[in-house]
Amino acid sequence: MKTTLLNNSGIEMYGMKETILASQGNKLVLSALESTVNILPASPEVKKALMDGSSIESFEDVLLNETVYLNEKKFLTEYKKLGTKLINALEEQGLKLQHKITPTKGLVITRKEGVKADFAKKYFALTTREYNKLSKDGFIDEFMKLKMRAHNRKMTEILKVNNEYLEVELSDIYYDEDTAYYNFDIHIRVKASADMNRMATIRELMRAIKEVFKIARAQYFKTFN
């Protein structure tokens, strides 16, 4: 039990879940508890998890993903430990990543993907003169953004991760004048879990994160090669 990561409100919710689980055979008590749950100032996810018969461990994970129930200082300390272990392990395998840790998002791992602006030149078989003219007219910029947004919509569908530990988001397109690349970021949020610093969990996270990037690269090459 990682109740040390919960604040007083979280510990109270944890205790209520224990009471509900202990009352499973008593319909009268459960009905009274359900009435209490229904009027709690809690999110629908927490209310559902209180009454759905799920384990105390899975309920704890629900609480850990809602900042209102967190002991922020201890929570961020645990996430920093996870971030250090996970990023070091991934970088040892050749993945260059950025990461940040915040109370609202937890650990977010980011990788940038980009396409050189002259992709449009090859795509339309343009001469340099034609390409330069269309660039000045704004056509190249508009085309690249539309092309990449379409790519990202498709990739978002492919990358819907059915994983209890991860959420994946893609940023909007942005242009880097220094490199002449149109870029987007793949953000992987590592959801909080009571066992997030166990080696078995870290190994599973590594496998899942590497799979996300593998799928993303395959879709990238399919679209832009």
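Structure shown above.
Residues numbered from 1 in each chain as written. Predicted model: local features only at pLDDT ≥ 70, side-chain atom pairs only at ≥ 80, totals over all residues. Heavy atoms only, no water.

Draft legend 1. How the structure looks around the packing of helix α2 (residues 27–38) against helix α3 (residues 44–51). Where α2 meets α3, the closest approach of the two axes is 10 Å, and the angle between their N-to-C directions is 170°. What the angle tells us is that α2 and α3 run roughly antiparallel. Where α2 abuts α3, its residues Leu30, Glu34, Val37 and Asn38 lie against Lys47, Leu50 and Met51. Looking at the contact of α2 with α3 residue by residue, the classes come out as four nonpolar, one polar and two charged. (Axes fitted to C-alpha atoms, helices over the stretch in contact; angles between N-to-C directions. Helix = DSSP H or I, 4+ residues; strand = E, 2+ residues; numbered from the N terminus. Parallel < 35°, antiparallel > 145°, perpendicular 65-115°, else oblique. Contact = heavy atoms within 4.5 Å. Nonpolar A, V, L, I, M, F, W, Y, C, P; charged D, E, K, R; others polar.)

Draft legend 2. Representation of the environment of Met144 within the structure. Tracing the chain through its elements places Met144 in helix α8 (residues 139–158). For Met144 and Gly114, which are 30 residues apart along the polypeptide, the C-alpha to C-alpha distance reads 11 Å. Those residues within four positions of Met144 in sequence are excluded, and the remaining contacts are Val115, Lys116, Ala117, Phe119, Ala120 and Tyr182.

Draft legend 3. Summary view of the packing of aromatic side chains. Tallied over the full model, the rule gives 11 aromatic pairs. When the centroid spacing of 5.3 Å and the interplanar angle of 80° are considered together, the rings of Phe119 and Phe224 count as edge-to-face. In this pair, Phe119 is assigned in helix α6 (residues 119–123) and Phe224 in helix α9 (residues 199–224), connecting sequence segments 105 residues apart. For the cation-ring pair, Arg111 lies above Phe213, with the distance from its terminal atom to the ring centre recorded as 5.2 Å. (Phe/Tyr/Trp six-rings, centres within 6.5 Å; stacked < 30°, edge-to-face > 60°. Lys NZ or Arg CZ within 6 Å of the ring centre and 35° of its normal.)

Draft legend 4. Highlighting the packing of helix α1 (residues 8–22) against α3. At their nearest, the axes of α1 and α3 sit 9 Å apart, and the two run at 30° to each other. As summarised for this structure, α1 and α3 are arranged roughly parallel, according to the angle between their axes. In contact with Met13, Met16, Lys17 and Ile20 of α1, α3 contributes Val46, Ala49, Leu50 and Met51. Class assignment of the residues belonging to the contact of α1 with α3 gives a composition of seven nonpolar, no polar and one charged.

Such coordinate-based values are descriptive only and should not be taken to indicate function.
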